[in-house]
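Residue-level structural notes
One-letter residues, chain by chain:
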2 protein chains.
Amino acid sequence: MKDITPQQQKVLDCIQVYINKTGFPPTRADICRELGFKSPNSAETHLRALEKKDFISIESGASRGISINNPEIKHEGNDYPIVGLVAAGSPTLASENVEKVLNCPKGFFGSDFDYFLRVRGLSMKDAGIMEDDLIAVKKTQEIKNGDIVIARIEDEVTVKYFQRSAPNIVHLKPANEEFNDIEVNLEETELYIEGKSVGLIREN
Amino acid sequence: MKDITPQQQKVLDCIQVYINKTGFPPTRADICRELGFKSPNSAETHLRALEKKDFISIESGASRGISINNPEIKHEGNDYPIVGLVAAGSPTLASENVEKVLNCPKGFFGSDFDYFLRVRGLSMKDAGIMEDDLIAVKKTQEIKNGDIVIARIEDEVTVKYFQRSAPNIVHLKPANEEFNDIEVNLEETELYIEGKSVGLIREN
DNA sequence: CATTATACTGTATAAATATATAGTATATTT
DNA sequence: AAATATACTATATATTTATACAGTATAATG
């Protein structure tokens, strides 16, 4: 992601605010009105710059055909998004990954959390985490050994126990004999910790 | 909120899907394309009906000026009691047995339920039910084979899989090799089914 | 039995909108 | 010194789009 200029940031913010307020993206004229431009081409060129830098996508020919790339859905109040374990890429809150939302009291699990992750596979079955369970995920980098983390290793997302064995060695341990430990050498492999599990919900 | 017709539901779903996919609402023509209508007025009239019934809002004059009304879902204060597995006697809702209450939206687990039961022991560990988990219990006698039931046998309460093997024989099966099946002959032994599990919550 | 709601096709058009073109000006990079 | 990116104004226009009007048909309602 390239650098964004202050003015382009203003336009991007303007688009987000407009969508939040109305439910649909602005026209060039709307952006001019909001930001005080006097020519629709001012908006146009900014939009094209934002598109080139991959902050937005523009559907050619469509009115209001602007969409913000990777918009993090903000769960106002108590509607928490449920996202699936996307095989490639992190479980982002981008709308296309959101199955549905679940209304849940804040602080339901003692701790705050950010979204629910739908579990695939049985690699944590001995920890009582079964297929289709919903894990309440708190986005954080504060991880202790033994925490159940949502980790991304080179585009693959998994749920595992976290254990740091040495400054540069992290073990991701399943809770199922049929699966193997994953040893990650941080100098060789990129490891991104999405967050940790603070609770679980099962519907049956 | 008035009743929605099946066709109007289709249109509403179509709008939601379109927004999820593209980031902006559809035009009348888009809706026609998605649903196979041949006249833009088909979409128009459905939209006006949905607006009248308050499912959507339409910004007059604006292209793609459709927004879905999300009526504030406030989970009506549903405080469900958490009861412990009382060794002797059923897990009654008498106040001395209630640990605390947990506020939880109605229909959180798809089905209604009556209280939470705090799990003791690991007899259902292979079903992903661990010590201290909270089972959402629905008081009911409508039990199918394979349901997870909360059963009382002569003053002892347990959580097990339910299986009726013969008209008078019920098996209560644990999900843990280290525990044994319990065979209950209904002619000899009193078996009371408290209810069944419709969901699970874990705080960690 | 008239009225209203639902569920469409088909056509037309004013208004909304994207987008190209022509300029001006400044800063940054090559 | 030339090219490129940023940041605008101003005007024009083809296309997109909302929306009205004219029909047809069926089911529900009072």
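Look a little higher up for the structure.
These remarks concern the structure in this document. As the structure is a computational prediction, the values presented were derived from the model and not from experiment.

**Regarding a negative patch on the surface**
A surface patch of negative charge is lined by A:Glu177, A:Glu178, B:Glu177 and B:Glu178. Inspection of the secondary structure puts B:Glu177 in the loop between β9 (169-173) and β10 (182-185).

**Observations concerning the packing of aromatic side chains**
Per the counting criterion, the structure on display carries 10 aromatic pairs over all chains. For the ring pair B:Tyr18 and B:Phe24, a centre distance of 6.2 Å and an interplane angle of 65 degrees mean the geometry is edge-to-face.

**Here we look at the environment of B:Gln9**
Residues and elements named next belong to chain B. Among the secondary structure elements, Gln 9 is positioned in helix α1 (residues 6-22). For Gln 9, a relative accessible area of 29% translates into the label partly exposed. Considered as a pair, Gln 9 and Leu 50 are 41 residues apart in the sequence and their alpha carbons are 8.8 Å apart.

**Digging into the interface of chain B and chain A**
Every contact between the two is made by 36 residues of chain B and, on the other side, 37 residues of chain A. Buried surface at the junction of chain B and chain A, summed over both partners, amounts to about 2700 Å²; 52% is from carbon and sulfur atoms. Across the chain B-chain A interface, the total number found is zero salt bridges. Every element with two or more residues in the side of chain B that touches chain A is listed here: α1, β2 (66-68), β4 (98-103) and β11 (191-203) of chain B. Among the elements that take part in the side of chain B that touches chain A, β11(B) stands out by supplying seven residues, more than any other.

The rules behind these values
Residues numbered from 1 in each chain as written. Chains lettered and ligands numbered in written order. Predicted model: local features only at pLDDT ≥ 70, side-chain atom pairs only at ≥ 80, totals over all residues. Heavy atoms only, no water. Patch = residues over 30% accessible without salt bridge, like charges linked within 9 Å, V, L, I, M, F, W, Y side chains within 5 Å. Areas by Shrake-Rupley, 256 points an atom, 1.4 Å probe, with all protein chains shown as cover. Salt bridge = Lys/Arg side-chain N within 4 Å of Asp/Glu carboxyl O. Lys, Arg positive; Asp, Glu negative; His and termini not counted. Charge placed at Lys NZ, Arg CZ, Asp CG, Glu CD. Helix = DSSP H or I, 4+ residues; strand = E, 2+ residues; numbered from the N terminus. Phe/Tyr/Trp six-rings, centres within 6.5 Å; stacked < 30°, edge-to-face > 60°. Buried < 20%, exposed > 50% of the residue type's maximum accessible area, 1.4 Å probe, protein only. Contact = heavy atoms within 4.5 Å. Buried area = accessible area lost by both parts, 1.4 Å probe.

So yeah, pure geometry; function would need other evidence.
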